[in-house]
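A closer look at the structure
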Amino acid sequence: MMYEKQKGVPRFKCMEFENKTKDYVILIPIINEGERIIKQLRRACKHRVADHTDIVICDGGSTDGCTDEDTLRRLKVNTLLVKQDGGKQGAQLRMGIWWALQRGYKGIITIDGNNKDSIEDVPQFIRKLQEGYDFVQGSRFVKGGRAIHTPLIRTVAVRCIHAPIISWTARQRFTDTTNAFRAYSARYLQDDRVQPFRDIFMTYELLAYLSVRATQIGMRACEIPVTRAYPGKGKIPTKISAWKGNGNLMKILLKNASGEYNPY
């Protein structure tokens, strides 16, 4: 089924392999993740993640075969959404979040599709949503979390720059603010004071914005321990370039801190 472009939501193709089966959904934005997403989905199968949440792939237009329908069905993927419009991660997430809210999920979990994160921790996010939290941030830096082979420059950037700025903006301390392994309540995403379906969220703006908006409007937020593991050797799986990408992240941080992404 094709969904035509509408205000704040890109045009996208939807392939539902199964009907809605759970109250919660995990959205996995990918583009050409190759064997990494396959390994992640196998890991999810091993830990029976689909017993707790529907698994949905939010594809940005992969051409490497990683979204083969038979493979995704075998690995317990519920639905494949394929963006047919401009934008990067922010557009993929807006596509997935809009579709998930239309389907009636109570909460939405997100995770990168490069197999760096402990997808087996999904039930912990659901538990916090059920306890009444509206934003749940996964962190490798809190007690019980594990940071494995994290490049030193990443650790310094997150701990000394990104997390302090996000924490100041949110008026609550967070420790692992670049981590996309997190959860949102439907109540939070549908609040008129949030309005995530806007075309200003094209790349990493939406992650930064949703990290701070919950506490700004009086909703409950917390962190829970997770594991994030980088490969011990070889190329680091990331879509953020060293100079241009990190420079854009800093611009997003400052705009977010100044309230530029707030709806009014």
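Small disclaimer: the values here were computed from a predicted structure and weren't measured.

Rules of the game
Residues numbered from 1 in each chain as written. Predicted model: local features only at pLDDT ≥ 70, side-chain atom pairs only at ≥ 80, totals over all residues. Heavy atoms only, no water. Helix = DSSP H or I, 4+ residues; strand = E, 2+ residues; numbered from the N terminus. Rg over C-alpha atoms; globule rule 2.2 N^0.38 Å. Buried < 20%, exposed > 50% of the residue type's maximum accessible area, 1.4 Å probe, protein only. Contact = heavy atoms within 4.5 Å. UniProt positions renumbered as here; feature names shortened; annotations may be inferred. Axes fitted to C-alpha atoms, helices over the stretch in contact; angles between N-to-C directions. Left-handed = near helix turned anticlockwise from the far one by under 90°. Nonpolar A, V, L, I, M, F, W, Y, C, P; charged D, E, K, R; others polar. Phe/Tyr/Trp six-rings, centres within 6.5 Å; stacked < 30°, edge-to-face > 60°. Lys NZ or Arg CZ within 6 Å of the ring centre and 35° of its normal. Pairing = 2+ DSSP bridges. Salt bridge = Lys/Arg side-chain N within 4 Å of Asp/Glu carboxyl O. Core = buried A, V, L, I, M, F, W, Y, C linked by side-chain atoms within 4.5 Å.

**Re the overall build of the chain**
In terms of regular secondary structure, the chain is built from eight helices and eleven strands. For the chain, the C-alpha radius of gyration of 17 Å lies close to 18 Å, the compact-globule estimate for 264 residues. Each of the three principal axes of the chain carries a C-alpha extent, and together these read 45 × 45 × 40 Å. For the chain, the residues scored as buried account for 53% of the 264 residues in total.

**Comments concerning the environment of Pro 164**
Its place among the elements puts Pro 164 in helix H5 (residues 152-170). For Pro 164, a relative accessible area of 38% translates into the label partly exposed. When the C-alpha atoms of Pro 164 and Pro 231 are compared, they prove to be 26 Å apart, with 67 residues separating the residues in sequence. The residues contacting Pro 164, other than those within four sequence positions of it, are Val 158 and Arg 159.

**A short note on the UniProt feature "domain: Glycosyltransferase 2-like" (unreviewed entry) in the chain**
Per the UniProt annotation, the sites labelled "domain: Glycosyltransferase 2-like" (unreviewed entry) are residues 26-185. Annotated as 38% helix and 20% strand, the span residues 26-185 places its first and last C-alpha atoms 12 Å apart.

**Side note on the packing of H5 against helix H7 (residues 205-216)**
In the contact formed by H5 and H7, the axes pass within 8 Å of each other and the chain directions differ by 35°. Note on packing geometry: the crossing formed by H5 with H7 is right-handed. Where H5 approaches H7, its residues Ile 166, Thr 169 and Ala 170 are matched on the opposing element by Ala 208, Ser 211, Val 212, Thr 215 and Gln 216. In terms of residue class, the contact of H5 with H7 is made up of four nonpolar, four polar and no charged.

**What about the packing of aromatic side chains?**
Counting across every chain of the model gives nine aromatic pairs. Ring centres of Phe 135 and Phe 174 lie 5.7 Å apart, and the angle between their planes is 70°; this geometry places the pair in the edge-to-face category. Taken together, the positions of Phe 135 in strand E7 (residues 135-139) and Phe 174 in the loop between H5 and strand E9 (182-185) put the pair 39 residues apart, joining distant regions of the chain. Exposure class is identical for Phe 135 and Phe 174. Each is buried. The interplanar angle of 45° and the centroid separation of 6.2 Å between the aromatic rings of Tyr 184 and Tyr 188 together place this pair among those described as tilted. Accessibility classification places Tyr 184 together with Tyr 188 in one group, the buried group. A connected cluster of aromatic rings, assembled from ring pairs, spans Phe 135, Phe 174, Tyr 184 and Tyr 188. Here the guanidinium or amino end of Lys 20 rests over the ring plane of Tyr 105, the centre of that ring lying 5.3 Å away. Taking the ring centre of Tyr 133 as reference, the NZ or CZ of Arg 220 above it sits at 4.0 Å.

**Details of the pairing of strand E6 (residues 107-110)**
Across the two faces of E6 the burial is the same, with Gly 107 and Ile 109 and Ile 108 and Thr 110 all buried. As paired strands, strand E3 (residues 24-30) and E6 are joined by four bridges and run parallel to one another. Bridging from a neighbouring strand, Ile 26 pairs with Ile 109 of E6. Note: E6 against E9, four bridges, orientation antiparallel. The residue bridging Ile 108 from the neighbouring strand is Tyr 184, located in E9.

**Describing the pattern of salt bridges**
Counted according to the given criterion, the structure contains 17 salt bridges. One salt bridge connects Lys 5 with Asp 85, and the closest N-O pair in it is separated by 3.7 Å. Note that Lys 5 is positioned in the loop between strand E1 (2-3) and strand E2 (12-16) and Asp 85 in the loop between strand E5 (79-83) and helix H3 (89-103), a separation of 80 residues in sequence. The partly exposed category is assigned to Asp 85, whose relative accessible area is 30%.

**Topic: the sheet that holds E2**
On the basis of which strands lie adjacent, the open sheet formed by nine strands has the order E1-E2-E5-E4-E3-E6-E9-E7-E10 and mixed pairing. The open sheet has two free edges, formed respectively by E1 and strand E10 (221-225), since each of these has just one partner strand.

**Some details on the nonpolar core**
Counting 42 residues, the largest nonpolar core has Phe 12, Leu 81, Ile 97, Trp 99, Ile 108, Tyr 188 and Leu 210 as its most contacted members. Elements with a contribution of two residues or more to this core: E2, E3, strand E4 (54-59), H3, H5, helix H6 (186-190), H7 and helix H8 (244-257). In this structure, Ile 108 is in contact with Val 25, Leu 27, Ile 97, Ala 100, Leu 101, Arg 182, Ala 183, Tyr 184 and Leu 189, ignoring residues within four places of it in sequence.

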